[in-house]
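Residue-level structure breakdown
Given next are the chains, with one letter for each unit.
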Amino acid sequence: MSEFTRRNICEGVNFASITDDRFKLGRLSATLITPLSKESAAANALLSCVLTRSCKKYPDFTALNRKLDSLYGAALYPSIRQLGDCQALTLTVTGLDDRYALDDEAVSSQLAELLCSIIFDPNVTNGKFSDEDVEQERRELIESIDADYNEKRTYAIKRCIEVMCKDEIYSVGRIGSREDVQGVTHADIYSAWKNLLSNARIELTMLGNTPPEKAFDSFCGYFDGKPRKFRYTPPTPVTPGEVRRIAETDDVVQSKLVMGLRCMIPQTNEDIIASALMSAVLGGTPTSKLFMNVREKQSLCYYCVSRVDSYKGLMLIDSGVETDNIEKTEKAVMEQIELLKSGCLTDDEFDAAKLALKNVYMSSLDSLAALQSFYIGSVLQKEMMTPEQAAKAVDLVSKDRIIELANTLQPDTVFSLVGN
């Protein structure tokens, strides 16, 4: 079992350590959380990528990688997530646990110092990041956006969100649009860096078996005396009006159907667990209502999956279908939702969903990457839980609570992507 502790460094900055002696690597990350904004999303995303290419101490990609190689092949990389109406930018460095280093070398301390250098002392000259670094990372971000377009399931989900949340910040997405990335200037990137250091909520995480004190002390030194003013405003519930229906054509063999529904925005950790379980009951597992009835019994689609964003109060149900079955599939999905609302939930369905969700939480303990992802995904909760605590909380959810949550589901948008 992993041991979890969390300490505050200063306003808006927390340090969490997850100690587990099963791993030979250590993992140290800094996640900067900021409200989503169309004006800054692309600049923030580009900044997080540029920061991992160099810093003042190692002023080019080659020098930085030479340092990483000297630390037993350590690795440094960025990742970008969307948490409700917030953007989460994570810089992660992984390296050999101190137990396995030669001559008692303190690898963890050097990794902490390197991560601090990346964040607080980047390769900036006269308010400008390296041209080469910026243009390389800009190309890669644009390629990533283009890849999402070419993956039609991903594209359909994204378009449904854009239509559904047209007048909401949620539609901006985790890295902004292709045009936004193309338009980011050096001044935008530098401004994003200054703003994030002062205003972002920062969650520092150390995973592995190395004592966290040295890393904790390193970060305390960098943040000491720096003014901070992060404020998080949770999304407000949105009441949908008439269901919007949007259809697009493209060169696809298998049509895509995405149904967007509004649901209750959970207020507590228990609500969040219950929302995840509701989604598992409906369409999150191979024993779910949508899989067993819409896909298997009626053979209307190739897949039918539900997912819920608890921070936003939004559920998406996406399917791969034959064009002639789009309307039938939508009707069949709504029938299953109505059955759940009316209390049609067997013990077998409920128990299978609970077992599947608990397995999701507990399997996050099997790798440092999954464990880090679990904690980053829960940083906006009022009180963070461990995977073990989340799994135990699943057993406390009642059928009545699932049915109650299901009755908050309200159809909002239906998006379909069909062949030319």
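Let's talk about the sheet that holds strand β4 (residues 75-83)
- If you walk across this open sheet you meet the 6 strands as β1-β2-β6-β3-β5-β4, and the pairing is mixed. The two strands at the open ends of the sheet, each matched to only one other strand, are β1 (3-10) and β4. Recorded for the sheet is a direction-independent mean angle of 15 degrees between the axes of neighbouring strands.
- Note that strand β2 (residues 13-19) and strand β6 (residues 201-208) share 7 bridges and pair parallel. Looking across to β6, one finds that Thr-19 is bridged to Gly-208.
- Against the sheet, helix α1 (residues 41-51) engages β3 (25-35), β4 and β5 (86-96), with an angle of about 10 degrees to β5.
- Sheet contacts for helix α8 (residues 213-223): β1, β2, β3 and β6; angle to β1, the most-contacted strand, approximately 20 degrees.

Notes on unusual backbone geometry
- One non-glycine residue with positive phi stands out, namely Tyr-72, at about 60 degrees.
- One can find Tyr-72 in the loop between α2 (61-70) and β4.
- The exposure class assigned to Tyr-72 is partly exposed, which follows from its relative accessible area of 31%.

Observations regarding the pairing of strand β10 (residues 314-321)
- With 8 of its 8 residues buried, β10 lies for the most part within the structure.
- Of the two faces of β10, the one carrying Leu-314, Leu-316, Asp-318 and Gly-320 and the one carrying Met-315, Ile-317, Ser-319 and Val-321 are both buried.
- Both strand β8 (residues 255-262) and β10 contribute to a ladder of 8 bridges, which runs antiparallel. In the sheet register, Leu-261 faces β10, and the bridge partner there is Met-315.

Regarding the side chain of Lys-312
- When you line up the elements, Lys-312 lands in the loop between β9 (303-309) and β10.
- Filtering out sequence-adjacent residues up to four positions away, Lys-312 remains in contact with Gly-84, Asp-85, Glu-168, Tyr-170, Pro-235, Arg-262 and Ile-265.

Examining the domain arrangement of the chain
- Taken domain by domain, the chain comprises domain 1 (5-220) and domain 2 (244-419).
- One C-alpha centre belongs to domain 1, the other to domain 2; they are set 29 Å apart.
- The partner domain 2 presents 38 residues to the 35 residues of domain 1 that form the contact.
- Across the domain 1/domain 2 interface, buried area totals approximately 3200 Å², and carbon plus sulfur atoms make up 66% of it.
- Across the domain 1-domain 2 interface, the total number found is 6 salt bridges.
- Close ionic contact of Arg-159 with Glu-248 constitutes a salt bridge, the shortest N to O distance being 2.8 Å.
- Connecting domain 1 to domain 2 are 17 residue pairs in polar contact (both at pLDDT 80 or more).
- Counting residues per element, the ones that place at least two in the side of domain 1 that touches domain 2 are β3, β4, β5, α5 (152-164) and β6.
- Split into classes, the residues belonging to the side of domain 1 that touches domain 2 amount to 17 nonpolar, 7 polar and 11 charged.

As for the sheet that holds strand β11 (residues 410-419)
- One open sheet accounts for 5 strands, arranged β7-β11-β8-β10-β9; its pairing is mixed. Two strands lie at the open edges of the sheet, namely β7 (244-250) and β9, each paired on one side alone. Strand-to-strand, the axes of this sheet are offset by a mean angle of 15 degrees, without reference to chain direction.
- Lying on the sheet, helix α11 (residues 326-341) is in contact with β7, β8, β9, β10 and β11; it crosses β8 at an angle near 30 degrees.

Re the environment of Asp-180
- Locating Asp-180 in the fold gives a position in helix α6 (residues 178-183).
- A C-alpha to C-alpha distance of 8.2 Å links Asp-180 and Ala-43, two positions 137 residues apart in sequence.
- At a separation of 3.2 Å, a polar atom in the side chain of Asp-180 contacts the side chain of Lys-38.

Some details on the packing of helix α10 (residues 289-297) against α11
- In contact at an axis separation of 10 Å, α10 and α11 are set at 145 degrees when each is read in the N-to-C sense. Judged by the sense of rotation from one axis to the other, the crossing of α10 with α11 is right-handed. Every residue of α11 that contacts α10 at Lys-289, Leu-290, Asn-293 and Val-294 is listed here: Thr-329, Ala-332, Val-333, Gln-336 and Leu-340.
- By residue class, the composition of the contact of α10 with α11 is 5 nonpolar, 3 polar and 1 charged.

Re the pattern of salt bridges
- In this structure the tally under the stated criterion is 29 salt bridges.
- Asp-97 is paired through a salt bridge with Arg-99; the nearest N and O atoms lie 3.2 Å apart.
- Residue Asp-97 is classed as buried on the basis of its relative accessible area, which comes to 1%.
- When the shortest N-O distance is used, the salt bridge between Arg-307 and Asp-318 registers 2.8 Å. Taken together, the residues span a long stretch of sequence, with Arg-307 in strand β9 and Asp-318 in strand β10 at a distance of 11 residues.
- Since its relative accessible area comes to 35%, Arg-307 is described here as partly exposed.
- One network of salt bridges, in which partners are shared, links Asp-85, Glu-168, Arg-244, Arg-262, Lys-312 and Asp-412.

Cut-off values and rules
- Residues numbered from 1 in each chain as written.
- Predicted model: local features only at pLDDT ≥ 70, side-chain atom pairs only at ≥ 80, totals over all residues.
- Heavy atoms only, no water.
- Pairing = 2+ DSSP bridges.
- Helix = DSSP H or I, 4+ residues; strand = E, 2+ residues; numbered from the N terminus.
- Axes fitted to C-alpha atoms, helices over the stretch in contact; angles between N-to-C directions.
- Contact = heavy atoms within 4.5 Å.
- Buried < 20%, exposed > 50% of the residue type's maximum accessible area, 1.4 Å probe, protein only.
- Domains from an automatic or database assignment.
- Buried area = accessible area lost by both parts, 1.4 Å probe.
- Salt bridge = Lys/Arg side-chain N within 4 Å of Asp/Glu carboxyl O.
- Polar contact = N/O pair within 3.5 Å; in protein donor to acceptor, adjacent residues only side chain to side chain.
- Nonpolar A, V, L, I, M, F, W, Y, C, P; charged D, E, K, R; others polar.
- Left-handed = near helix turned anticlockwise from the far one by under 90°.

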